[in-house]
Amino acid sequence: MPPSPFTAGEKLYCVSYAPFRGDQSPLGPDVPIDPRQIDEDLAQLKQITDCVRTYSTDHGLDQIPEIARRHGMKVLQGLWVSNSPELTRKQIATTVALARQFPDVIAAVIVGNEVLLRGEMSAPDLARTIREVKAQVSMPVTYADVWELWLRHREVAAAVDFVSVHILPYWEDFPIPPHDAARHVDAIRKQVAAAFPDKDILVGEFGWPSAGRMREGALPSPTDQARVMHDVMALAKRESYRINLIEAYDQPWKRQFEGTVGGHWGLYDAYRRQPRFAWGGAVSDHPFWRAQAAGGVALAAVIFAAAFFAVRRRPDAQTGRGLWLRVGVIAAVSGTMIGWAVENVPLESLTVGDWLRSLAWAAVASGLPVVGAAAMASGAATPRFAQVLGRAGERPRDRLVFVLGILVIGLAALAVQAALGMVFDPRYRDFPFVPLTGAVISLVVLATCVGTWKLHRNAPAAETAVAATLGAAAVYIACNESSANWQALWFVAGLLAFALTLLRAPDAPG
């Protein structure tokens, strides 16, 4: 990374903080978080900041001001406003009591977070709520929302003491790539400041995710997160404005609403509480690449071994440089992909269904290359879906060919599910381009080896239906995601390659 934007001993202005760990979530019953857990977190955060921003008073978050006082920290106290009047009144009462009890700790009260964006309250009602709270506390009061909502509802700005604006380049309607994020934040802040010249402006949320799906040119990754943070904080320091970073720790519970990317905005990871990066230090997108490379080499060795024993099993099979070159292509591509695919399994899995789907992708990404190489070496081809799923007497007698067929059907199910998901509900879904590549490469090479690459107008009906679905989805995804999204284009290329392997001649051997 570039040199740290901070001088020795300098800290971040403020960081958004939620104490939830592991399976803990604010979505369930109002069970208070253990105060010792909050104390541990604030002791760690004290090393990088003297301020935390909260969003609510439920689930034991009302304990934060008292614990923050012990650590010499300030709090931007959040008050959660929603479409439930009863819950909002409870939040107001608790927040006012905290503000009166800890006036030396609570630096400001934030009445509502993105309630206008969620459409849960009108602007006039929100302004009245803000004035109600202002009349009962001594510190400044504000509201927090994305920058467009401030410009659209200017009556809210008249009610606050300062403007707290969220600028999240990744989530913009037209996502901002990492190299433009700092310029974007600066431009939006200046636009908001020009709209409200009599108000101080706080960038109430700015951050970048470390994992998840790409949106146009906006790529979540550890290196992009670190780079964007460095660029924005350096610019903020030069221009002398305040930024609250989102967020202190990854919050796995957010993945229920926002997919993988929702749970990976933290400066620290959710489980080990380890920093994502060191300011000015080295960062890697694949810190365990040595183990991943070793796994790839192992898979490549298994692929070659499977082909070798297949040749030994079929003395009449054709061998030569061409065969082993094709096996080498499968081994190289699949071996490169498998470590990355396995790395993504825990990142992209939250529920039982997520885990089963991710593990199924990893299984076909590792199993198909091995079985495909063995089938190629023995002179076999991919069987039709109807053969594999038909009556016992119609199924392939060769066990290797039958297993190959099962794996291809499994890949088809996974690919169709992923493709249709990207068509009908794409916002929070990940592109499984890595395991798709590792699995499809063996089918592409197998098709070229045994002469089944030629398209045929009488291709089997089931395969034709799957291929048509994948092809149509691929066209839509490419248009919808734009040419800036290389993850989407890679995924589309994998779908099209798989579709072509399915449209083979109906008299394929096997």
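Just so we're clear, the structure is a prediction, and the values are computed from it rather than from any experiment.

Novice: How would you explain the sheet that holds strand 4 (residues 106-113) if you had to name every residue and give the values?
Specialist: Strand order around the closed barrel formed by 8 strands is 1-2-3-4-5-6-7-8, with parallel pairing between neighbours. In this sheet, adjacent strand axes meet at a mean angle of 25° when their direction is disregarded. Examined bridge by bridge, strand 7 (residues 200-206) and strand 8 (residues 242-245) share 3 bridges and lie parallel to one another. Looking at the pairing, Phe206 lines up with Leu245 of strand 8. Running over the sheet, helix 3 (residues 85-101) touches strand 3 (74-79) and strand 4 and is turned about 160° from strand 3.

Novice: Residue-level account of the environment of Thr223, with values.
Specialist: Within the secondary structure, Thr223 sits in helix 9 (residues 222-239). Distance in space between the C-alpha atoms of Thr223 and Glu86 is 44 Å, their sequence separation being 137 residues. Once you skip the residues sitting within four places of it in the chain, Thr223 turns out to touch Met1, Val283, Ser284 and Asp285. Side-chain polar atoms of Thr223 contact the side chain of Ser221, separated by 3.3 Å.

Novice: Report on the confidence of the model for the protein, specifying residues and quantitative values.
Specialist: Confidence in the prediction for the protein averages 93 pLDDT; 96% of positions are at 70 or higher. When the criterion is pLDDT under 50, residues 505-510 qualifies, and its contacts beyond four places in sequence or with other chains add up to 15 contacts.

Novice: Mind laying out the layout of surface pockets, listing which residues take part and the relevant values?
Specialist: The computed volume of the largest pocket comes to approximately 1,500 Å³. Those elements giving two or more residues to the lining of the largest pocket turn out to be helix 3, helix 4 (115-118), helix 6 (147-152) and helix 10 (255-262). The computed volume of the second largest pocket comes to approximately 1,200 Å³. In terms of residues, the lining of the second largest pocket owes the most to one element, helix 12 (residues 321-347), which gives 6 residues. Of the residues belonging to the lining of the second largest pocket, the class tally is 22 nonpolar, 12 polar and 10 charged.

Novice: Just give me the short version of unusual backbone geometry, but keep the residues and values in it.
Specialist: With the exception of glycine, the majority of residues adopt a negative phi angle, and the majority of peptide bonds are in the trans configuration. At the junction of Ile246 and Glu247, the peptide bond is cis and its omega measures out at 5° in the coordinates. Tracing the chain through its elements places Glu247 in the loop between strand 8 and helix 10. The backbone of Arg273 sits at a positive phi, close to 60°, despite the residue not being glycine. Residue placement: Arg273 occurs in the loop between helix 10 and helix 11 (289-313). Residue classification places Arg273 among the buried residues on the basis of a relative accessible area of 8%. If you check the backbone angles, Ser482 has positive phi at about 80° while not being a glycine.

Novice: An account of the packing of helix 15 (residues 399-424) against helix 17 (residues 461-481) is needed here, citing residue identities and associated values.
Specialist: Axis separation between helix 15 and helix 17 bottoms out at 9 Å; the angle between their running directions is 35°. Where helix 15 crosses over helix 17, the handedness of that crossing is left-handed. Counted together, Ala412, Ala415, Val416, Ala419, Leu420, Met422 and Val423 of helix 15 and Val466, Thr469, Leu470, Ala473, Tyr476 and Ile477 of helix 17 form the full contact between these two elements.

Novice: Could you give an account of the side chain of Asp250, naming the residues involved and the relevant values?
Specialist: Mapping Asp250 onto the fold places it in the loop between strand 8 and helix 10. Residue Asp250 is classed as buried on the basis of its relative accessible area of 2%. Apart from residues lying up to four places away in sequence, Asp250 is in contact with Gly263, His264, Trp265, Gly266, Tyr268, Asp269, Ala270 and Arg276.

Novice: Which residues make up the environment of Pro29, and what values go with them?
Specialist: By the element assignment, Pro29 lies in the loop between strand 1 (14-16) and helix 1 (35-45). Using a relative accessible area of 67% as the deciding quantity, one classes Pro29 as exposed. In sequence terms Pro29 and Phe277 are 248 residues apart; their C-alpha atoms lie 34 Å from each other.

Novice: How would you sum up the packing of aromatic side chains? Please name residues and give values.
Specialist: Overall, the coordinates contain 19 aromatic pairs when judged by the stated rule. Residues Phe308 and Phe309 carry aromatic rings whose centres are separated by 5.5 Å and whose planes lie at 75° to one another, so their mutual orientation is edge-to-face. Judged by relative accessible area, Phe308 falls into the partly exposed class, the value being 38%. Pairing Phe433 with Trp490 gives two aromatic rings, centres 4.8 Å apart and planes at 45°, and the pair type is tilted. Pair noted here: Phe433 is in helix 16 (residues 433-450) and Trp490 is in helix 18 (residues 486-502), with a separation of 57 residues, a long-range link. Following the ring pairs from residue to residue traces out a cluster consisting of Tyr170, Trp171, Trp208, Trp265 and Tyr428. The aromatic ring of Tyr249 is capped on one face by Arg273, whose charged end is 3.8 Å from the ring centroid.

Novice: Describe the packing of helix 13 (residues 352-377) against helix 15, naming the residues involved and giving the relevant values.
Specialist: It is the contact of helix 13 with helix 15, at a shortest axis distance of 9 Å, that shows an interaxial angle of 140°. As helix 13 runs across helix 15, the sense of the crossing is left-handed. Residues Arg357, Ala360, Trp361, Val364, Gly367, Leu368, Val371, Gly372, Ala374 and Ala375 of helix 13 form the contact with helix 15, whose own contacting residues are Leu400, Val403, Leu404, Leu407, Val408, Leu411, Leu414, Ala415, Gln417 and Ala418. Classifying every residue of the contact of helix 13 with helix 15 by side-chain character gives 16 nonpolar, 3 polar and 1 charged.

Novice: Describe in detail helix 8 (residues 181-195), supporting the description with residues and values.
Specialist: Side chains that are three or four residues apart share a direction in an α-helix, a result of its 3.6 residues per turn. Its 15 residues give helix 8 an end-to-end C-alpha distance of 21 Å, which sits within 8% of 21 Å, the value for a rise of 1.5 Å per residue. Of all the residues in helix 8, the buried ones are Ala181, Ala182, His184, Val185, Asp186, Ile188, Arg189 and Val192. The secondary structure elements touched by the buried residues of helix 8 are helix 6, strand 6 (162-166), strand 7 and helix 9.

Novice: Outline the pairing of strand 4, supporting the account with residue identities and numerical values.
Specialist: With 7 of its 8 residues buried, strand 4 lies for the most part within the structure. Sheet topology note: the strand 3/strand 4 ladder contains 5 bridges and is parallel. By the bridge assignment for strand 4, Gly78 is matched with Ile110. Handedness of the strand 3-helix 3-strand 4 crossover: right-handed. Pairing between strand 4 and strand 5 (residues 141-146): 3 bridges, direction parallel. The residue of strand 5 that forms the bridge with Ile110 is Thr142.

What counts and how
- Residues numbered from 1 in each chain as written.
- Predicted model: local features only at pLDDT ≥ 70, side-chain atom pairs only at ≥ 80, totals over all residues.
- Heavy atoms only, no water.
- Pairing = 2+ DSSP bridges.
- Helix = DSSP H or I, 4+ residues; strand = E, 2+ residues; numbered from the N terminus.
- Axes fitted to C-alpha atoms, helices over the stretch in contact; angles between N-to-C directions.
- Contact = heavy atoms within 4.5 Å.
- Polar contact = N/O pair within 3.5 Å; in protein donor to acceptor, adjacent residues only side chain to side chain.
- pLDDT = per-residue confidence, 0-100.
- 1 Å grid on protein atoms, 1.4 Å probe; cavity = no way out; pocket = protein on both sides within 12 Å on 5 of 7 lines; lining within 4 Å.
- Points joined across faces, edges and corners; volume = space filled by probe spheres on them.
- Nonpolar A, V, L, I, M, F, W, Y, C, P; charged D, E, K, R; others polar.
- Buried < 20%, exposed > 50% of the residue type's maximum accessible area, 1.4 Å probe, protein only.
- Left-handed = near helix turned anticlockwise from the far one by under 90°.
- Phe/Tyr/Trp six-rings, centres within 6.5 Å; stacked < 30°, edge-to-face > 60°.
- Lys NZ or Arg CZ within 6 Å of the ring centre and 35° of its normal.
- Expected span 1.5 Å × (residues − 1).
- Right-handed = clockwise from strand over helix to strand, strands pointing away.

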